[in-house]
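The primary structure of each chain is shown beneath.
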Amino acid sequence: MPWLEAVRLALKTIRAQKLKSFFSLIGVLIGVTFLIAVVSIVTGMNNYMEDKFANALIGLNTFQLRQRPNFTSGNVTDDMWREWSRRPRISYDDAAYIKAHVKTPVVYANFCSDRATVNYNGKAAKDIELVGTEPTYFDIKNYKLTAGRPFAAQEMQLGLPVLVIGSEVAEKLLKGVDPIGKEVTMYGLPYRVIGVVERQGTLFGLSLDKFVIMPFTAPARRWICPINILDHLIIQASGPGTMTIAMGEVEASMRTRRHLKPGQENNFFLQTSEAALEGWEKISKILITALPLLVSISLIVGGIVIMNIMLMSVSERTREIGIRKALGARRRDVLAQFVVESATLSTVGAAMGIALGIALAFVVRAVTPLPAAVAPWSIVLGVVVGVLVGMVAGIYPANRAAKLDPIVALRAE
Amino acid sequence: MSEPIIRIRDLTRHYEMGTETVQALRGVSLDIGRNEYLAIMGPSGSGKSTMMNMIGCLDTPTGGEYWLNGQEVSQLSDDQLARVRNKEIGFVFQTFNLLPRATSLHNVELPLVYAGVSSRERRSRASAALGRVGLGNRMDHRPNELSGGQRQRVAIARALVNEPSILLADEPTGNLDSTTSEEIMQVFAELHRQGQTIIMVTHEADIAAHADRTVVLRDGKVETDRATHGVAA
Ligand SMILES: Nc1ncnc2c1ncn2[C@@H]1O[C@H](COP(=O)(O)OP(=O)(O)OP(=O)(O)O)[C@@H](O)[C@H]1O
Ligand SMILES: [Mg+2]
């Protein structure tokens, strides 16, 4: 019998017995739903963590020279904390030394920050990230300005009180007015707004637009960059290769500057976005490892249910099998009919599971900050798994049907 | 009689029932010619259905020989028997044995499905067969939307669609009233006139009277075998 015929027959049987068919394929449905939903959430998170999280927090091909790690994964012991706190902090002079000694062409930006309140005309924007940095920072962060301009190197050298503000700060304080040239105050100090950065969106539901940027030499440095001390030095390379080289050079220069002997541990830290992703990678590995187990269990249960339904179906349709055999169906025709029927049943379950899994992923995306993204390979896998489970579950019942004696089968009822 | 289409020699069929052995056929010898119209009669349990199952290759004999179209079929494998059933045999059963959920057309197409005929050709051959039994206007009806006589006509169309060497009918009128039975007999008579070989089991003498030869079985043996003058022919 041509297998297309068998599929058509199977679909007809499924349609004729909707409720029974639904219950029989629910196991496969749940298994594939799991598969699609979890894979979608994990891959979505992966994309998000790699593209947005890592880049928003650190930047592409970028690393930071810091006193200690700021993204820590796993256990940090008390001893580690004590050692980190004893380390010398990164100073202006360290940054200048690095800039003078590293040969690889890279872009630097001194960086310090704190939470501040920005006031304008009696209004206050609280809990704003105040960043003190260099003009290169705008390139490193790839910030586009919707109004005005970034501050210039000269303004930084002079330590002028100029400010580029994030879009949310502009919304809050300067809605309906041209922000350029307006005077806002921070820590009681007057600042002139010279630019507005394009909207950056959110990360896990947190706004990325609640910041203001000033030259790190500007008057408010007293609060955010205490005398001669930086939060960190940002270093951006042109590509992954140069970044590795630059990291080597920075490490070597710092060791020389701090007179570290061979074998002595670094008393500074180079933070990359990979390090920031470590924690997430651990979680995603656990999820992806646990997934096959969960999916297998529901598929095995689903397969057993389908097998029983098919056995029932074979005994209910013994007469039909007898008729088919009397009309010339060979063993393999009957076998194929029931295996295909079982596989079709299971594949319908898998298809429903795929739809449900995708729906679930979209719901997760809509109601949580988790960015689910459906992975095409998981859909393919879902279909393959559906077909296979159905075939395997169908073989035993189909073989029973195929071996029926035609006369005995015809006499059944 | 020309070279027989069916040649049976000392055919036996035993059923093992626990310790007991039921001898359903105890050595039957029979030649059936091309274009013969044969009725098999006999009391209940005499082995008529067993005989038909042998002839129809649904069952294999315990002993003896069975030649169909010059081929010894008692030694064929399951798949070969299926092929013979598909190509050479058309069955008509007392209980019609139609697939309940399928339309007339689809029921009639079934043997062609297993013969590997393309779906377009299946359709045209199945509707032609339904036309032959006068059901050209009932192709999309399901069995439960048809009368008993109409169901049996669908079954006859299905038996004929593969142009089999022999049409086998085990009590084809057993579930029908006398008027409808007579209609079915008219269909058989017409098929016979067109050259179809027919073997039919019946309990009723007036049904058997349509055939031109009657074999009576008793206790698994041929009791009488004589020509009758088919009234319809
Ligand atoms: N599968 C079987 N197992 C055991 N005995 C069987 C089987 N099939 C038939 N028999 C026996 O073989 C004998 C012949 O049966 P068969 O069905 O051929 O009779 P029949 O002539 O067709 O009777 P009826 O007119 O009632 O249909 C009977 O005694 C029956 O009990
Ligand atoms: Mg009988």
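The following refers to the structure shown. Please read all numbers here as calculations on a predicted model, not as lab measurements.

Rules behind the numbers
Residues numbered from 1 in each chain as written. Chains lettered and ligands numbered in written order. Predicted model: local features only at pLDDT ≥ 70, side-chain atom pairs only at ≥ 80, totals over all residues. Heavy atoms only, no water. Helix = DSSP H or I, 4+ residues; strand = E, 2+ residues; numbered from the N terminus. Rg over C-alpha atoms; globule rule 2.2 N^0.38 Å. Buried < 20%, exposed > 50% of the residue type's maximum accessible area, 1.4 Å probe, protein only. Areas by Shrake-Rupley, 256 points an atom, 1.4 Å probe, with all protein chains shown as cover. Lys, Arg positive; Asp, Glu negative; His and termini not counted. Charge placed at Lys NZ, Arg CZ, Asp CG, Glu CD. Axes fitted to C-alpha atoms, helices over the stretch in contact; angles between N-to-C directions. Parallel < 35°, antiparallel > 145°, perpendicular 65-115°, else oblique. Left-handed = near helix turned anticlockwise from the far one by under 90°. Contact = heavy atoms within 4.5 Å. Nonpolar A, V, L, I, M, F, W, Y, C, P; charged D, E, K, R; others polar. Buried area = accessible area lost by both parts, 1.4 Å probe. Salt bridge = Lys/Arg side-chain N within 4 Å of Asp/Glu carboxyl O. Polar contact = N/O pair within 3.5 Å; in protein donor to acceptor, adjacent residues only side chain to side chain. Phe/Tyr/Trp six-rings, centres within 6.5 Å; stacked < 30°, edge-to-face > 60°.

### Section: the overall build of chain B
When its secondary structure is counted, chain B shows 7 helices and 10 strands. Taken over the C-alpha trace, chain B has a radius of gyration of 17 Å; the compact-globule value for 233 residues is 17 Å, and the two agree within 12%. Taking the principal axes of the C-alpha coordinates as reference, chain B spans close to 50 × 40 × 40 Å. By residue count, 54% of the 233 residues in chain B fall in the buried class. By element, 45% of the accessible surface of chain B is carried by carbon and sulfur atoms, the whole surface being about 10100 Å². Averaged over its 25 positive side-chain charges, chain B has a centre that lies 5 Å from the centre of its 29 negative ones.

### Regarding the packing of helix H3 (residues 104-114) of chain B against helix H5 (residues 148-160) of chain B
All names here are of chain B. As a packed pair, H3 and H5 sit with axes 7 Å apart at the nearest point and diverge in direction by 30°. The angle between the axes of H3 and H5 places the two elements in the roughly parallel class. As for the relative orientation of H3 and H5, their crossing is right-handed in sense. Counted together, Ser104, Asn107, Val108 and Pro111 of H3 and Val154, Ala157 and Arg158 of H5 form the full contact between these two elements. Of the residues in the contact of H3 with H5, the class split is 4 nonpolar, 2 polar and 1 charged.

### Overview of the interface of chain B and chain A
When the parts come together, some accessible area is lost, and that loss is often what is quoted as the size of the interface. Contact with chain B, which involves 22 residues of that partner, is made by 24 residues of chain A. Carbon and sulfur atoms supply 55% of the area buried between chain B and chain A, which totals about 2100 Å² over both sides. Counting across the chain B and chain A interface gives 2 salt bridges. As a salt-bridge pair, A:Arg332 and B:Asp79 come within 3.0 Å of each other at their nearest N and O atoms. Where chain B packs against chain A, one counts 7 residue pairs in polar contact (both at pLDDT 80 or more). Elements with a minimum of two residues in the side of chain B that touches chain A: helix H2 (78-88) and H3 of chain B. Residues that form the side of chain B that touches chain A fall into these classes: 10 nonpolar, 5 polar and 7 charged.

### Brief notes about the pattern of salt bridges
Residues and elements named next belong to chain A. Counted according to the given criterion, the structure contains 23 salt bridges over all chains. Of the charged contacts in the structure, one is a salt bridge between Asp79 and Arg82, with a shortest N-O distance of 3.2 Å. You can see Asp79 and its partner Arg82 sitting in helix H4 (residues 78-86), 3 residues apart, about one turn around the helix. Asp79 gets classed as exposed once you look at its relative accessible area, which sits at 53%. Arg87 is the salt-bridge partner of Glu83, the closest N and O atoms lying 3.1 Å from each other. Taken together, the salt bridges that share partners define one network made up of Arg317, Glu320, Arg324 and Glu341.

### Description of the packing of aromatic side chains
All told, the structure shown has 9 aromatic pairs over all chains when counted by the stated rule. Summarising the aromatic geometry, the rings of A:Phe22 and A:Phe23 are spaced 5.8 Å apart at their centres and angled 70° between planes, so their arrangement reads as edge-to-face. Where B:Phe91 meets B:Phe93, the ring centres are 5.5 Å apart and the plane angle is 15°; that geometry is what we call stacked. Here B:Phe91 matches B:Phe93 in class, with each residue buried. Ring pairs connect the aromatic residues A:Phe111, A:Tyr137, A:Tyr143 and A:Phe211, which therefore count as one cluster.

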